[in-house]
Amino acid sequence: MLELYRWNNIFFEEIRKVHQTDGWILEQEEQDLKWHQKIGWKSYIQHGAFARFDCSSCGHKWSSARVTIQFYMKKAIHEVKVRVFGQKCRKCCDQFEEPKFDLETSVRRILGNLVLSIRKQCYGQQIYNKPRSVNNGQHTEGPHERKLCEACKHHVCNVPVVPTSLLRGTETGGTVWGLIVSISLLVIMGTVLCYQWVSSREPTRDELLQQCAKGGRRVLGEIYSWVRSTINAFLHHLA
Ligand SMILES: [Zn+2]
Ligand SMILES: [Zn+2]
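Residues numbered from 1 in each chain as written. Chains lettered and ligands numbered in written order. Predicted model: local features only at pLDDT ≥ 70, side-chain atom pairs only at ≥ 80, totals over all residues.

1. Section: the overall build of the protein
Turning to step 1, where the next piece is worked out: Each helix and strand in the protein was counted, giving six helices and six strands.
Turning to step 2, where the next piece is worked out: N-terminal to C-terminal, the α/β element order of the protein is α-β-β-β-β-β-β-α-α-α-α-α.
Turning to step 3, where the next piece is worked out: Within the protein, the fraction of its 239 residues that count as buried is 21%.
Turning to step 4, where the next piece is worked out: In the protein, once contacts between residues fewer than 6 apart in sequence are set aside, the share between residues at least 24 apart is 64%. (Helix = DSSP H or I, 4+ residues; strand = E, 2+ residues; numbered from the N terminus. Buried ≥ 20, exposed ≤ 12 C-beta atoms within 10 Å, placed from the backbone. Contact = placed C-beta atoms within 7 Å.)

2. Overview of unusual backbone geometry
Glycine aside, negative phi is the norm for most residues, and most peptide bonds take the trans geometry.
Turning to step 1, where the next piece is worked out: Unlike most non-glycine residues, His 19 shows phi in positive territory, near 60 degrees.
Turning to step 2, where the next piece is worked out: Considering the arrangement of structural elements, one finds His 19 in the loop between helix H1 (4-17) and strand E1 (25-28).
Turning to step 3, where the next piece is worked out: Phi at His 155 takes a positive value of approximately 60 degrees, unusual for a residue other than glycine.
Turning to step 4, where the next piece is worked out: In this structure, His 155 sits in the loop between helix H3 (150-153) and helix H4 (164-168).

3. Some details on the environment of Tyr 128
Turning to step 1, where the next piece is worked out: Residue position: Tyr 128 is located in the loop between helix H2 (103-121) and H3.
Turning to step 2, where the next piece is worked out: Sequence separation between Tyr 128 and Leu 116 is 12 residues; the distance between their C-alpha atoms is 9.4 Å.

4. Some points on the sheet that holds strand E2 (residues 41-54)
The strands that make up a sheet are held in pairs by hydrogen bonds between backbone atoms, and each pair lies either parallel or antiparallel.
Turning to step 1, where the next piece is worked out: The strand order across the open sheet formed by four strands is E1-E4-E3-E2, and the pairing between neighbours is mixed. Lying at the two open borders of the sheet, with one neighbouring strand each, are E1 and E2. Shown here is a sheet whose adjacent strand axes are inclined to one another by a mean of 25 degrees, direction ignored.
Turning to step 2, where the next piece is worked out: When strand E3 (residues 61-74) meets strand E4 (residues 79-84), the two strands line up antiparallel, connected through six bridges. Its bridge partner lying in E4, Met 73 is registered against Val 80.
Turning to step 3, where the next piece is worked out: Against the sheet, H2 touches E2, E3 and E4, its axis set at about 175 degrees to E2. (Pairing = 2+ DSSP bridges. Axes fitted to C-alpha atoms, helices over the stretch in contact; angles between N-to-C directions.)

5. As for H2
Turning to step 1, where the next piece is worked out: In this model, H2 (19 residues) spans 25 Å end to end at C-alpha, consistent with the 27 Å of a helix rising 1.5 Å per residue.
Turning to step 2, where the next piece is worked out: The set of residues buried in H2 consists of Ser 106, Val 107, Arg 109, Ile 110, Leu 111, Gly 112, Asn 113, Leu 114, Val 115, Leu 116 and Ile 118.
Turning to step 3, where the next piece is worked out: In this structure, the buried residues of H2 make contact with H1, E2, E3 and E4. (Expected span 1.5 Å × (residues − 1).)

6. So, the packing of H1 against H2
Turning to step 1, where the next piece is worked out: Following both chains from N to C, one finds H1 and H2 inclined at 50 degrees, their axes separated by 9 Å at the closest point. The angle between H1 and H2 falls in the class oblique. At the point where H1 passes H2, the crossing takes the right-handed sense. Residues Arg 6, Trp 7, Ile 10, Phe 11, Glu 14 and Ile 15 of H1 form the contact with H2, whose participating residues are Leu 103, Val 107, Arg 108, Leu 111, Gly 112 and Val 115.
Turning to step 2, where the next piece is worked out: Considering only residue class, the contact of H1 with H2 consists of eight nonpolar, one polar and three charged. (Parallel < 35°, antiparallel > 145°, perpendicular 65-115°, else oblique. Left-handed = near helix turned anticlockwise from the far one by under 90°. Nonpolar A, V, L, I, M, F, W, Y, C, P; charged D, E, K, R; others polar.)

Rendered as structure tokens:
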């Protein structure tokens, strides 16, 4: 559970800074209730927050600057639901652990960004300030392990889908290289065939153009069906 009492204190301070007197309150939401689909609820997602994690099974500790937090807010009742998305321990992959945020460096900035969004979405104010960075100056390196990320599971993570195997040159990487090499070979073959045809007899200019277009279309068709089958194999490999 989050330290909601402290979160609310900071939220109150951040709201007061912009002279907002409505008594907004923050509550933690642990279920995915799709509040944004209900009338009057607005959603704000904070990506890339820094937090620490402790595995409750094996005690392994880690930190991440790719934590996602989702807020749902409703102006009519001045209520904000907060849902934090956990991560699984890489060593035992047991369950999603809840992130632990530093109150002053992370939570204050996250809630400051939330206040910006409330002013914009609930009060229709023109906001020129950009949301503040909440990664504590940490830069995430290496691939994002989607199976360990709860936000990925719920399709709210902003980390792009790049298969890690692409970067490591494993089976999938091999497929992509195969694709590149095959396309290059097809283009070369097409050019050679075209050249042979041109050098075998002397056609009219129109004939030459027609044949080149036909050959080009055939080569493009080959490339297209090859790309399609490779992408299908690729997606199948990911699934
Ligand atoms: Zn563990
Ligand atoms: Zn993710």
